[in-house]
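A structural walkthrough
Residues per chain, in single letters:
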Amino acid sequence: MAATAASSLSYGIGGTQILWVPQGLLEQIVSTHSSYQTHHVDLQHLVNLISCIFQNATVSSSKGVEQYAPLTDMINKLETVDGMRQALENIRNLSCEMSCCVASSVDETTMQMLRRLKDYSWNAKVVLAMAAFACSVGESSMLVKHRNTDPIAMYVETLKGHRYTTTDFTVLEHIGLFKAMIDVANTNLAFLAPSISRIPKEVHSIKDAIACFPTAAYKILRIVLQITSILSKKKDHFESTIQELNVLANEVSHINNILQEKLTLCLRDAEKYTYEDITIRITKISISEFIDKIMQYVRTQGFENLRNKHLLFLISDLDISIDEIKALNWLYQRNDQMYEIVWLPIIDLSMSYDVKLFWELKQLMKWSVAVEPTRVEADVVEFVKKEWHFIRQAIAVSMTSAGEVVCQNALPMLWTWGNTAFPFSDKTEEILWNSIDERHGWKLELVLDDFIVPELRSWIENRTTFVCLFGGGDISWIQEFTEKVKYAAYAAGVTLKLVYVGKNKAKLGLSKTDLSRDINVIESEFRWRFWTKLESILHAKIRRGKTTTAYKTDVVIHEALKVVGHGGKGESWAVFSMGPDPMVTTDGETGLTIMSNYLNWRQDTTGLRFLEGVKHYKEVISRDVHGCIKVHLPVLGRVPGIMVCPDCSKVMDMFYTYRCCDE
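Cut-offs applied
Residues numbered from 1 in each chain as written. Predicted model: local features only at pLDDT ≥ 70, side-chain atom pairs only at ≥ 80, totals over all residues. Heavy atoms only, no water. Pairing = 2+ DSSP bridges. Helix = DSSP H or I, 4+ residues; strand = E, 2+ residues; numbered from the N terminus. Contact = heavy atoms within 4.5 Å. Axes fitted to C-alpha atoms, helices over the stretch in contact; angles between N-to-C directions. pLDDT = per-residue confidence, 0-100. Core = buried A, V, L, I, M, F, W, Y, C linked by side-chain atoms within 4.5 Å. Buried < 20%, exposed > 50% of the residue type's maximum accessible area, 1.4 Å probe, protein only.

As named in an unreviewed UniProt entry, the protein chain is Protein SIEVE ELEMENT OCCLUSION B isoform X1, taken from Gossypium hirsutum.

As structure tokens, then:
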């Protein structure tokens, strides 16, 4: 925060001079603060803990473990709180600085504490300082309660110079010191609520509040140090300091009253700025302004490795699947530094979010994270929703090192072609698809890759290897079908590879323990990749207008539609491949019929002609069979266009489906 933003405090706030500081000191205070707060922590847990420590400190003696049950529960939960490990380290350091304050100037130590907390917001600084003070109070309370029963406690107390009576902390409570500290901590916590953060910074109430934060934080930390200094002095009569402590408690209360007045005005304005209202008020930002904002997030994190790099902005909510992250990790780690990925997490700003989940996802990702979700501004959220059509499914916006957006969603390209699609532009995708023969391009390498099946290349190069991909959840069909395929392959003199890829990417289907050992079972993120690869092929075909005019010639979209359609309903299906030749796709019943009747069509179909025989017999038995399908495709940026049934060539009906999860 610039010094000019807080200069109004020189004239006093709310009719009082309690927050006044000389202009020179004000500039020093502001200079201790980082403009970009990179440390964030859920402070509610700390405020609860501070309150609990103060309450227990006023109890004259221990009443058993029941007394500390709430405190123990809070402490056990600290490890799960976002950013708490760093915060606890800062609190320990602050506590040490408070203890050493006697040997140095209160003003000097206050500035030192502010510099230590430079990466936290002004409000967070106050709460952390209160936590450090509570740490000292808790330690002293523990020594007081055990001084007569534990020699070690008496020894430590003597070394530290404590001269408390058993009523010391009760006195602090009586003069309102603990209450004043808890109140001001709660007020600062309230300023960090999502409802307040949604208020535009130019609104007078929030602008006025922000202006008083630096001196308020400075004054509160200074008072805390004064109290700590008084309590640490060796006095035979503690009562002689009560009046001085009472004055300091009143100062904290006065500061809190000023902050409360500011908070009341902010809360009143917060009602006007619901998330829906913000979306209406936001001025449409240009693409260059939007990129500048995102890059500002990146710069605050100090990611020097992103400079002059081709970037993929991965935009998602916190429901992004772990399988998707793993699959993208695999590609990212093999991209030869051609591009970098930056995750921009988008959440509903009107609601709280799962902080623990955010950090768990961040730990899984091998790439950079632009910013913590609540730091993403409302106009940025609206931009990605309206201009880049982000709804719920993750998208990846491709941007060159010069800042030019060349594709609004490169994920389908990545899933289909892998890193070969770099630089992930519409032009590159056009070239890749033009290299695929629409009539003969339905081949094994289009639906599988080395990530899904490491042995893929050797299977394709060996022309006598017969590969059978199949899916579904009917164990009876699978057992009968695989036995028939094994017999037919053996009789035809070809090497058989059976590959089970489940029902679809959400319903995992059967596991290795359910199937025979000679079946390759694709599991976890590999299975997710297979189904997503098929969906991406369909999305690409839709964008290229291959759904109506080209339905008679584009075999790829026809066959992909069949597999996705059967898989979406959990039905049985099979795809047969051999060498570099186009694959043959069937539903489960047809595939079983073909293999069961092998002896009827085996003539001249052994060896290299086996797949050709499968294709011919399928055409014979499918002439009078009509089996239309239903296809469910996720919306990847834009709503898909019209589709044509691959069996009857009629335009398919389109319905909206609202689904909260994949199961």
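A look at the sheet that holds strand E1 (residues 310-316)
With mixed pairing, five strands are arranged side by side in an open sheet as E3-E2-E1-E4-E5. The open sheet has two edge strands, strand E3 (368-369) and strand E5 (405-407), and neither has a second partner. As defined by bridge partners, strand E2 (residues 339-345) adjoins E3 across two bridges and the pair is classed as parallel. From the neighbouring strand, Trp-343 faces E3, where its bridge partner is Val-369. Along the sheet face, helix H16 (residues 322-332) touches E1 and E2 and points at about 155° away from the line of E2.

What to know about the confidence of the model for the protein chain
Taken residue by residue, the protein chain gives an average pLDDT of 79. The fraction at 70 or more is 75%. Per-element confidence in the protein chain is highest for strand E9 (residues 573-578), whose mean pLDDT is 95, and lowest for helix H1 (residues 3-6), whose mean pLDDT is 37. Under a pLDDT of 50 for its full length, residues 1-16 has, in the predicted model, 35 contacts with residues more than four places off or in other chains. This stretch, residues 275-283, has a pLDDT under 50; its non-local contacts, to residues over four places away or in other chains, come to 19 contacts.

Details of the nonpolar core
As a rule of thumb, soluble globular proteins bury nonpolar side chains together. Judged by nonpolar contacts, the single largest core of 78 residues is most densely connected at Phe-54, Leu-128, Phe-133 and Ile-227. Considering each element in turn, this core owes the most residues, 15 residues, to helix H12 (residues 204-232). If we skip the residues at most four places from it in the chain, Phe-133 touches Phe-54, Met-98, Phe-178, Met-181, Val-224, Ile-227, Thr-228 and Leu-231. Core analysis: the next-biggest nonpolar cluster, separate from the first, contains 65 residues, Leu-318, Trp-433, Leu-534 and Ile-557 among them.

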